[in-house]
Amino acid sequence: MSRVIVVGAGINGVTAAIELKKRGHRVILIDPGPLPHPLAASTDISKAVRAAYGEDEDYTALAERSIKLWRDWNQEFGIELYHEVGVMFVRRQEMKPGDFEYESFKILEQREHKIVRMNSAQLWKRFPAWNPDLYRDGILEFESGYVESGRVVAILSERAKSVGIELHEDVRFSQLDEGDDRVKGIVVEDGKRIPGDLVVMAVGAWTPYVLPFTRKFFRATGQPVFHLRPSQPEPFAPECFPVFGADISTTGYYGFPLNREGVVKIANHGLGREMSPESPNRAVTLQEEENLREFLSATFPALADAPLVYSRVCMYCDTNDGHFWIAPDPERHGLIVAAGDSGHGFKFAPVLGEIIADAVEGKANLLLQRFRWRPEIRSGEQKEAARFNPD
Ligand SMILES: Cc1cc2nc3c(=O)[nH]c(=O)nc-3n(C[C@H](O)[C@H](O)[C@H](O)COP(=O)(O)OP(=O)(O)OC[C@H]3O[C@@H](n4cnc5c(N)ncnc54)[C@H](O)[C@@H]3O)c2cc1C
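Since this is a predicted model, take the numbers as computed values, not measurements.

Novice: Mind laying out unusual backbone geometry, listing which residues take part and the relevant values?
Specialist: The omega torsion across Gly 33 and Pro 34 is -10°, close enough to zero to call that bond cis. Omega for the bond connecting Leu 35 with Pro 36 falls within 30 degrees of zero, at -10°, which places this linkage in the cis form. As for its placement among the helices and strands, Pro 36 is situated in the loop between β2 (26-30) and β3 (47-49). For Glu 112, which is not a glycine, the phi torsion comes out positive at approximately 60°. By secondary structure assignment, the location of Glu 112 is in the loop between α3 (100-110) and β6 (115-117). Even without being a glycine, Asp 181 presents a positive backbone phi close to 65°. Summarising the element assignment, Asp 181 is placed in the loop between β10 (173-179) and β11 (182-188). Overall, the relative accessible area of 77% leaves Asp 181 in the exposed class.

Next up, the structure:
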């Protein structure tokens, strides 16, 4: 049994802490709080859960497992955290080989998912919010949807406490406590040392700022998120307005159906603005709002003037190839970094703890080869992979 300090109680940290505790370790989880932390990427009303991942079958398979487990979590927690409302990725033009949508369609068809190709005018009639003249083709996957991500973190934080994890919601990591050729714990903001055999850094977009040596391979980027309240809610109900990506590889726009509070969330996935998560400028810009309005007028006319009830800049922790980074630091024995979700990691919450705990324990896991420590992948390499991994 090891004494493991997990830094950061977003979805990576909280799931890792629970799994490590389950495996018999003594676990200390720290976060400046309150939880879910208002600036954390995990904290929002929704995150998309989909199996469409272009031609990347590893992620599709991982999403399939996650979706089954999301259904189990709904049962286990007795709350509908995962809403299986379907996800559609649609295009203005016909899908063709090489497109995110086409390749997803092919893989999901091979893997016998319940899907339909969105290329008939008849079918589009079922989705009245959409401008029928603009979008012509795409894919609708039925066994997918969204999760209430902030609520998930809140519930898992409670679970963490109930299983005996020492959760400190008012403690900020300051630096690693290093010595004798290894990491022997952490130093927190007030200068206090917390000893540990192993330290898991799960601080998302804060990683390149609190561990400056990771700046070569992590980039924190801000992406705009908007919550709108339509005056006519009916066309945005989940039955006729699934989670969507609207020509996402070119426009970046994706969104979610009306939630319990009558809010439709629309966000943009792109290269984003590089900034610290603590930046005082974490507000959407006028330009970003204008771009949104332009997109809405063309795509969802009934939403074009809907009042904005909330907006935020949500932070991705981007890697150079768009994949997770869940790996021990070869130069700092005892340190494991679990970050680098590049904006698409939440859906894997039910399997993340297991993957991170395997990295902590040095257990074999095929995915850890992919998510390994890989400073050799330089900035700009496989940029497209990251761009084509919409949320
Ligand atoms: C706009 C946007 C949309 C997204 N949409 C989707 C989606 O639709 N589907 C999907 O699957 N994924 C999506 N993602 C990705 C998903 O949100 C992330 O993969 C996930 O939330 C990352 O979790 P995390 O635990 O790594 O980081 P975070 O949730 O950011 O948590 C990091 C935690 O570290 C803590 N921390 C920071 N500094 C310190 C410190 N010094 N000491 C201690 N603790 C500290 C913070 O308080 C925070 O609680 C989206 C992300 C963004 C930004």
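From this point, things continue past the structure.
Novice: With reference to specific residues and values, describe helix α9 (residues 349-361).
Specialist: Compared with an ideal rise of 1.5 Å per residue, which puts 13 residues at 18 Å, α9 spans 19 Å between its outermost C-alpha atoms and is within 8% of the ideal. Of all 13 residues in α9, eleven are buried; the element is thus mostly enclosed.

Novice: Before we move on, can you summarise the nonpolar core with the specific residues and values?
Specialist: Grouped together as the largest cluster of nonpolar side chains are 70 residues, with contacts concentrated most on Ile 11, Trp 70, Val 200, Ile 326 and Phe 348. Counting residues per element, this core draws most heavily on α9, which supplies eight residues. Residues contacting Phe 348, with those up to four places away along its chain left out, are Tyr 53, Tyr 59, Leu 62, Ala 63, Ser 66 and Phe 324. Phe 241, Phe 244, Leu 296 and Phe 300 belong to the second largest nonpolar core, which has 32 residues in total.

Novice: Describe the packing of aromatic side chains, listing the residues and the values that go with them.
Specialist: Summed over all chains, the structure comprises 29 aromatic pairs. Seen in terms of ring centroids, Tyr 253 and Phe 295 are 4.2 Å apart; in terms of plane orientation they differ by 15°. Their pairing is stacked. On the criterion of sequence distance, the pair formed by Tyr 253 in strand β16 (residues 253-255) and Phe 295 in helix α8 (residues 286-299) is long-range, its members being 42 residues apart. A single burial state applies to Tyr 253 and to Phe 295, both of which are buried.

Novice: Provide a residue-level description of the pattern of salt bridges, including the pertinent values.
Specialist: As enumerated under the stated definition, the model contains 34 salt bridges in all. The partner of Arg 172 in a salt bridge is Glu 278, with the nearest N and O atoms 3.4 Å apart. Placement of the pair is Arg 172 in the loop between β9 (166-168) and β10 and Glu 278 in the loop between β18 (273-274) and α8, with a sequence separation of 106 residues. Given the relative accessible area of 39%, Glu 278 is considered partly exposed.

Novice: Tell me what's going on with the site of the ligand, and back it up with residues and numbers.
Specialist: Inspection of the region around the ligand gives 35 residues, with Asn 12, Asp 31, Ser 42, Ala 48 and Cys 314 positioned closest. Between the ligand and Phe 173 there is a distance of 2.8 Å, counted from a nitrogen atom to a backbone nitrogen or oxygen. At 3.2 Å from a nitrogen atom of the ligand is found a main-chain nitrogen or oxygen belonging to Gly 343. The leading source of residues in the shell around the ligand is strand β19 (residues 308-319), at three residues. Grouping the constituent residues of the shell around the ligand by class yields 20 nonpolar, nine polar and six charged.

Novice: Got a sec to walk through the pairing of strand β21 (residues 335-339)? Specific residues and values, please.
Specialist: The buried fraction of β21 amounts to five of the five residues, a majority that puts the element mostly inside the structure. The side-chain alternation of β21 yields two buried faces, one formed by Leu 335, Val 337 and Ala 339 and the other by Ile 336 and Ala 338. In terms of strand pairing, strand β13 (residues 198-201) meets β21 through three bridges, oriented parallel. Opposite Val 199, over in β21, you have Leu 335 as the bridge partner. For strand β20 (residues 325-328) and β21, the ladder comprises four bridges, and the chain directions are antiparallel. Within β21, the residue paired with Trp 325 across the bridge is Ala 339. Counted between consecutive antiparallel strands, the loop separating β20 from β21 contains six residues, among which Gly 334 sits at a positive phi close to 100°.

Parameters at a glance
- Residues numbered from 1 in each chain as written.
- Predicted model: local features only at pLDDT ≥ 70, side-chain atom pairs only at ≥ 80, totals over all residues.
- Heavy atoms only, no water.
- Helix = DSSP H or I, 4+ residues; strand = E, 2+ residues; numbered from the N terminus.
- Buried < 20%, exposed > 50% of the residue type's maximum accessible area, 1.4 Å probe, protein only.
- Expected span 1.5 Å × (residues − 1).
- Core = buried A, V, L, I, M, F, W, Y, C linked by side-chain atoms within 4.5 Å.
- Contact = heavy atoms within 4.5 Å.
- Phe/Tyr/Trp six-rings, centres within 6.5 Å; stacked < 30°, edge-to-face > 60°.
- Salt bridge = Lys/Arg side-chain N within 4 Å of Asp/Glu carboxyl O.
- Near = heavy atom within 4 Å.
- Polar contact = N/O pair within 3.5 Å; in protein donor to acceptor, adjacent residues only side chain to side chain.
- Nonpolar A, V, L, I, M, F, W, Y, C, P; charged D, E, K, R; others polar.
- Pairing = 2+ DSSP bridges.

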